[in-house]
Amino acid sequence: VQLQASGGGLVQPGGSLRLSCAASGINFINAMGWHRQAPGKQRELVARITAGGSSDYADSVKGRFSISRDNAWNTVYLQMDSLKPDDTAVYYCAADTPPTWGTWNYWGQGTLVTVSS
C-alpha cells in the first residue's frame, strides 16, 4: 500500500494550490482524507470524502477547500483557494479502509504548504 502526496509549495496569501494523493495497493476504501499539522499543533482532519461521494470539511476551511477523487480512487485531490497564513502546515493524505471504519489505516508522507508573502 502506498499513498504519495504532492503539490505543496510556497504561495502568497489569497493564492491557490492543488494537492494530489496517488493511491496504490488498496482494494477497498471507506474514505480518503486530508489532514494537516502545523508547527506546535496537533494533526487535524481538514477534509474527507467517502466511498459514497459525500464530503465534509473542518470549519476553518469550509468554502475555501474542496476535496475530490477520480472514479477509481487512484488519486484524491485537495483544491485550496483563498489561502491564509494559518493554512501553513504539512498536509497528509490518509485512507480509511475495511474491515475497520473511522480509522486512518494508511498515511502518505506529507507535503509542505507554506502561505506567506
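These numbers were taken from a predicted model, which means no experiment stands behind them. Along each chain, numbering runs from 1 in the same order as the chain's sequence is written. Where local features are concerned, this predicted model is filtered to residues with pLDDT of at least 70; where side-chain atom pairs are given and counted, the filter is 80 or more; whole-chain, interface and lining totals use all residues. The basis for every side-chain value is the complete set of non-hydrogen atoms in the structure, without hydrogens or water.

Participant: Is there a simple way to explain the packing of aromatic side chains in this structure?
Facilitator: The description of an aromatic ring pair rests on the distance of the ring centres and on the angle between the ring planes. Within 6.5 Å between ring centres, the rings of Phe, Tyr and Trp (the latter by its six-membered ring) count as paired, and their orientation is classed by plane angle as stacked under 30 degrees, edge-to-face over 60, tilted in between. By the definition in use, this model includes one aromatic pair. Ring geometry for Y92 and W107: centres 6.4 Å apart, planes at 80 degrees, overall edge-to-face. Of the two residues, Y92 sits in strand 9 (residues 89-96) while W107 sits in strand 10 (residues 104-107), which places them 15 residues apart along the sequence. Cation placement over rings: the criterion is NZ of Lys or CZ of Arg within 6 Å of the ring centroid and within 35° of the ring normal. The lysine or arginine in question, R43, covers the ring of Y92, its NZ or CZ lying 3.9 Å from the ring centre. The way it works is that DSSP assigns letters per residue, a run of H or I at least four long becomes a helix, a run of E at least two long becomes a strand, and they are numbered from the N terminus.

Participant: Whenever I open this one, the nonpolar core confuses me. Can you help?
Facilitator: For soluble globular proteins, nonpolar side chains are generally found buried alongside one another. To qualify as a nonpolar core, a set must consist of buried Ala, Val, Leu, Ile, Met, Phe, Trp, Tyr and Cys residues joined through side-chain atoms within 4.5 Å. Relative accessibility thresholds used throughout: buried, under 20% of the residue-type maximum; exposed, over 50%; partly exposed, between the two (1.4 Å probe, protein chains only). If you look at the biggest cluster of nonpolar residues, it comprises 30 residues, and the most contacted ones within it are M32, W34, L78, M80 and Y91. Going through the elements one at a time, strand 1 (2-6), strand 3 (17-24), strand 4 (31-37), strand 5 (44-50), strand 7 (65-69), strand 8 (75-80), strand 9 and strand 11 (111-115) are the ones with two or more residues in this core. Among residues more than four places away in sequence, those in contact with L78 are L17, R18, L19, W34, A47, F65, S66, I67 and Y91. Note on definitions: a residue-residue contact is assigned when non-hydrogen atoms from the two residues lie within 4.5 Å.

Participant: Just to check I follow, could you spell out the pairing of strand 4 for this structure?
Facilitator: In regular strands, side chains alternate between the two faces of the sheet. Summarising burial for strand 4: six of the seven residues are buried, a large majority. In short, DSSP must find at least two bridges between two strands for them to pair. Bridge analysis of strand 4 against strand 5 gives six bridges, and the strand direction is antiparallel. From the neighbouring strand, G33 faces strand 5, where its bridge partner is R48. Count of turn residues in the strand 4/strand 5 antiparallel hairpin: six residues, of which G40 carries a positive phi of about 75 degrees. Alignment of strand 4 against strand 9, held across seven bridges, turns out to be antiparallel. Within strand 9, the residue paired with G33 across the bridge is A94.

Purely geometric stuff here, so don't read any function into it on its own.
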